[in-house]
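Here's the letter readout for the chains.
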Amino acid sequence: MRSIETELKARVIAIIDELYGIRLDHVTVEIPPRPAFGDIALPIAFELAKQLKQSTGEKQVPRRLAETIASRLGQLEGISRIDVAGPGYINVFLDRPRYLRALLEPVVPPQPSQDKLIVEHTSVNPNKAAHIGHLRNAVLGDTLVRLLRALGQKVEVQNYIDNTGVQVADVVVGFKYLEKKSLDEIQRITGKFDDYCWDLYARVTEWYDQNPDNLAYRRQTLQEIEIEDHPTARMADYISMRVLNHHLDTMDRLGIRYDVLPRESDILHCRFWDRAFEILKQAGVIVYETKGRNKGCWVMRANAGDRQTSSTSSEDEYSEDKILVRSDGTVNYTGKDIAYHLWKLGKLGIDFNYKPFRSYPDRHQTWITTAEASEATRITRPIFGFGSAYLNVIGSEQTYPQKVVKQAIAAVAPDVNIERCVHVAYEKVALSPRACMELGIELKPEERERQQISMSGRRGLGVKADELIDKLEQRALEEVRSRHPDLQEPAQREIAHLIAVGALRYFLLKYTRTSVITFDFDDALSFDGETGPYIQYAIVRAQSIFRKLDASGIRRGHLAEISDDRLTTLLSGESGDDLWSLIYLAGRLDDTVRQASENLEPALLAKYTFQLAQRFNLFYHHYHILREPDEARRTLLITVTEVVERQLRRALDLMGIGVPEKM
RNA sequence: GCUCCCGUAGCUCAGUUGGAUAGAGCGACAGCCUCCUAAGCUGUAGGUCGCAGGUUCGAAUCCUGCCGGGAGCGCCA
């Protein structure tokens, strides 16, 4: 498996060093396009020919080099044969019985890491219901967390709560000045509060548009929100916490949870910025402008943190410089974010207080920050922050501010491994014109022509997360009812729920991060083709086979009783090759997981899993296990089914997708 | 104006980091349920990989320029 690949690479490097005196630091390994070309291909001869020509000027034939290297590779454990093909590929054929037996070994979880990675995701403004774009963020983040943890990385999941920003302020303005409601009256609002705020938020935006003077209420509200115990702050706190609870409910439906919820209000009240300000000033990262257009502001130079002198100055008016403190002395969002990130990495020197916020049935506990040191903060709790690095799942439109934060960290905390601190940027979810029509949204004339329409919380334009999940569950339930009318209602609902989650999470993961998802109801609500339910169905079919086998009294899991010779025969020839390609694909899960994690790209895992399910369905139609007369062959077919079923289940689990018993 | 992302089949997207004959799904058309669940399978049609150069044994992938779409570059968050 992986060890064979590593072994191969090492051998090739050693041989090339010995024969040609060239030390390669990287050997490309690929999967040949056709099984006839073997299981692992090394195009190393081409690279070597190039390097030899460069160093000696002598032209070498790649094919000849490949033959030389291949002959020196000799016998290797787990490899049955090595060929040289085409213009100079070294093709490696694996020992099939050995590989299959290795796949049956139990999965050993890796040693957990000492260091902790802080993963921030979701971070939805707590002023309205979550929409499909927020789900993309949360599902991406949650899946990355699962991948990293599976590889042994210790992870802390943070969901940042911006409860003092413009968005919350706008909803407060809506309640206070548009609806003229008191806190008491707000508390008496029944029904889905986040939906209520969704509509109100859109109305406030309209109200501002109608009369820009109304923006004065926003400015005033923003100031009052920051004052501890001010009535406006209390109202904002009530609203944002009630909406936050809805968000956590929504995310819980998809199996997404958090360790800690840092609140912006607590960053203010704990005076994080004051400390960060001192650190930045001391490091000389920010300077006070006494002239120019940024006069009176504290700014970070564009080249801060670079060791080189900034001699190549600058007739271009410091256009790259970033303001952190306004001329009125207040800090902006990026400044607060720098303070927050210094805290994440344990570099701020002060901490929040914490209290329990939500407990889950499996005893998982989510904590929230608080400013006051009360009784609750003395409860034993995990240590938050002090990460060795951070991963921020944040939309790609925030690339610039994220770069600034990273730059500031690099400048003031040189001991931080800044390479591991990454902004996991992803593109947004836009709406297809058809989806807009189905939502009953009036489009502006210039929008009608577009291929896609951006969602806008301000305009109340978007697909609400809960409504979409409801729709998916409803659709799945109808399907389950017609297929399994004999099942009890709760059982049917449980299946429908798993299918809905599978459909939604897979839908959001199958696109690569850099691709804009053009949301369409037909695509998102589909259970056919490249979808989560397709994969779940493949597993359900495998389970069904197991049930039938058990009922017929046919033993499972005794491949060990079949000799290597017999297995070699069974795995050769046309149908043997066919079975082998499925086994080999199933074995590549771990490699795919590693790759998806290295690239921070869950889509790689999603695509792989679908491909494996597809190949299994093919197998399912080609081979009828229950009717297989040859016992050894039947045992092999059963084993293949078991291996594939296990890998598919593991892969789905990493994507946060469960599997029903039947569907 | 500058920076970043995207452009591949009618539509939505992959493409193993430069490799062998460019792949899926949806949609269309034609088939497959006495047979482990048809949420499945088989077949057909569908491509100048935006355009033009360059780099080399080899380019959808890398470099340059252009065209088209999106985002960012605020004393907003």
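Now for a look at the structure at hand. Please read these numbers as outputs of a predicted model, since none were measured by experiment.

Re the overall build of chain A
Okay, so step 1: Counting its secondary structure elements, chain A contains 25 helices and 16 strands.
Okay, so step 2: Projected onto its principal axes, the C-alpha coordinates of chain A cover approximately 85 × 75 × 60 Å.
Okay, so step 3: Sorting the 663 residues of chain A into buried and exposed places 52% on the buried side.
Okay, so step 4: Looking at chain A as shown, the accessible area adds up to about 31,200 Å², and 48% of this sits on carbon and sulfur atoms.
Okay, so step 5: Separation between the mean location of the 88 positive side-chain charges and that of the 95 negative ones in chain A comes to 1 Å.

Details of the sheet that holds strand 8 (residues 298-300)
Okay, so step 1: Read from one edge of the open sheet, 3 strands run 7-8-9, paired in antiparallel fashion. In this open sheet, the two edge strands, each paired with only one partner strand, are strand 7 (286-288) and strand 9 (322-325). Averaged over all neighbouring strand pairs, the angle between strand axes comes to 40°, with direction disregarded.
Okay, so step 2: One ladder, built from 3 bridges, connects strand 7 with strand 8; its direction is antiparallel. Bridge pairing in strand 8 places Ile-286 opposite Met-300.

Description of the packing of aromatic side chains
Okay, so step 1: Going through the model one piece at a time under the given rule, you end up with 26 aromatic pairs.
Okay, so step 2: Between Tyr-534 and Phe-610, the aromatic rings sit 5.1 Å apart at their centres with planes inclined by 55°, giving tilted as the arrangement. Linking Tyr-534 in helix 20 (residues 532-551) with Phe-610 in helix 24 (residues 602-622), this pair joins segments that are 76 residues apart in sequence.
Okay, so step 3: Where Phe-616 meets Phe-619, the ring centres are 5.7 Å apart and the plane angle is 35°; that geometry is what we call tilted. Taken together, the residues span about one helical turn, with Phe-616 and Phe-619 both in helix 24 at a distance of 3 residues. Exposure class is identical for Phe-616 and Phe-619. Each is buried.
Okay, so step 4: One aromatic cluster is present, formed by Tyr-160, Phe-272, Tyr-340, Trp-343, Phe-352, Tyr-354, Trp-367 and Phe-384 through successive ring pairs.
Okay, so step 5: A cation over an aromatic ring shows up here: Lys-281 above the ring of Trp-298, its NZ or CZ 5.1 Å from the ring centre.
Okay, so step 6: Directly above the ring of Phe-521 sits Lys-471, whose terminal nitrogen or CZ lies 4.3 Å from the centroid.

Description of the sheet that holds strand 14 (residues 429-431)
Okay, so step 1: If you walk across this open sheet you meet the 3 strands as 15-14-16, and the pairing is mixed. In this open sheet, the two edge strands, each paired with only one partner strand, are strand 15 (453-454) and strand 16 (517-519).

A short note on empty space enclosed by the protein
Okay, so step 1: Under the criterion given, the structure shown has 3 cavities of 30 Å³ or more.
Okay, so step 2: Put simply, the largest cavity is a space of about 60 Å³.
Okay, so step 3: Lining of the largest cavity is provided by Asp-578, Leu-579, Ser-581, Leu-582, Arg-615, Leu-618, Phe-619 and Tyr-623.
Okay, so step 4: At the level of secondary structure, the elements contributing two or more residues to the lining of the largest cavity comprise helix 22 (573-587) and helix 24.
Okay, so step 5: Element by element, the count of residues in the lining of the largest cavity is highest for helix 22, at 4 residues.

Comments concerning the protein's contact with RNA strand B
Okay, so step 1: Around RNA strand B sit 68 residues, and of these Arg-326, Thr-512, Tyr-537, Ser-544 and Asn-599 come closest.
Okay, so step 2: At the protein interface, 63% of the atoms of RNA strand B within 4 Å belong to sugar or phosphate.
Okay, so step 3: In the environment of RNA strand B, a base nitrogen lies 2.7 Å from a nitrogen or oxygen atom belonging to the side chain of Ser-327.
Okay, so step 4: Contact between RNA strand B and Ile-625: a base nitrogen at 3.3 Å from a main-chain N or O atom of the residue.
Okay, so step 5: Split by residue class, the surface near RNA strand B holds 30 nonpolar, 17 polar and 21 charged.

Cut-off values and rules
Residues numbered from 1 in each chain as written. Chains lettered and ligands numbered in written order. Predicted model: local features only at pLDDT ≥ 70, side-chain atom pairs only at ≥ 80, totals over all residues. Heavy atoms only, no water. Helix = DSSP H or I, 4+ residues; strand = E, 2+ residues; numbered from the N terminus. Buried < 20%, exposed > 50% of the residue type's maximum accessible area, 1.4 Å probe, protein only. Areas by Shrake-Rupley, 256 points an atom, 1.4 Å probe, with all protein chains shown as cover. Lys, Arg positive; Asp, Glu negative; His and termini not counted. Charge placed at Lys NZ, Arg CZ, Asp CG, Glu CD. Pairing = 2+ DSSP bridges. Axes fitted to C-alpha atoms, helices over the stretch in contact; angles between N-to-C directions. Phe/Tyr/Trp six-rings, centres within 6.5 Å; stacked < 30°, edge-to-face > 60°. Lys NZ or Arg CZ within 6 Å of the ring centre and 35° of its normal. 1 Å grid on protein atoms, 1.4 Å probe; cavity = no way out; pocket = protein on both sides within 12 Å on 5 of 7 lines; lining within 4 Å. Points joined across faces, edges and corners; volume = space filled by probe spheres on them. Near = heavy atom within 4 Å. Polar contact = N/O pair within 3.5 Å; in protein donor to acceptor, adjacent residues only side chain to side chain. Nonpolar A, V, L, I, M, F, W, Y, C, P; charged D, E, K, R; others polar.

Honestly, that's just the spatial picture; any functional story needs more than this.
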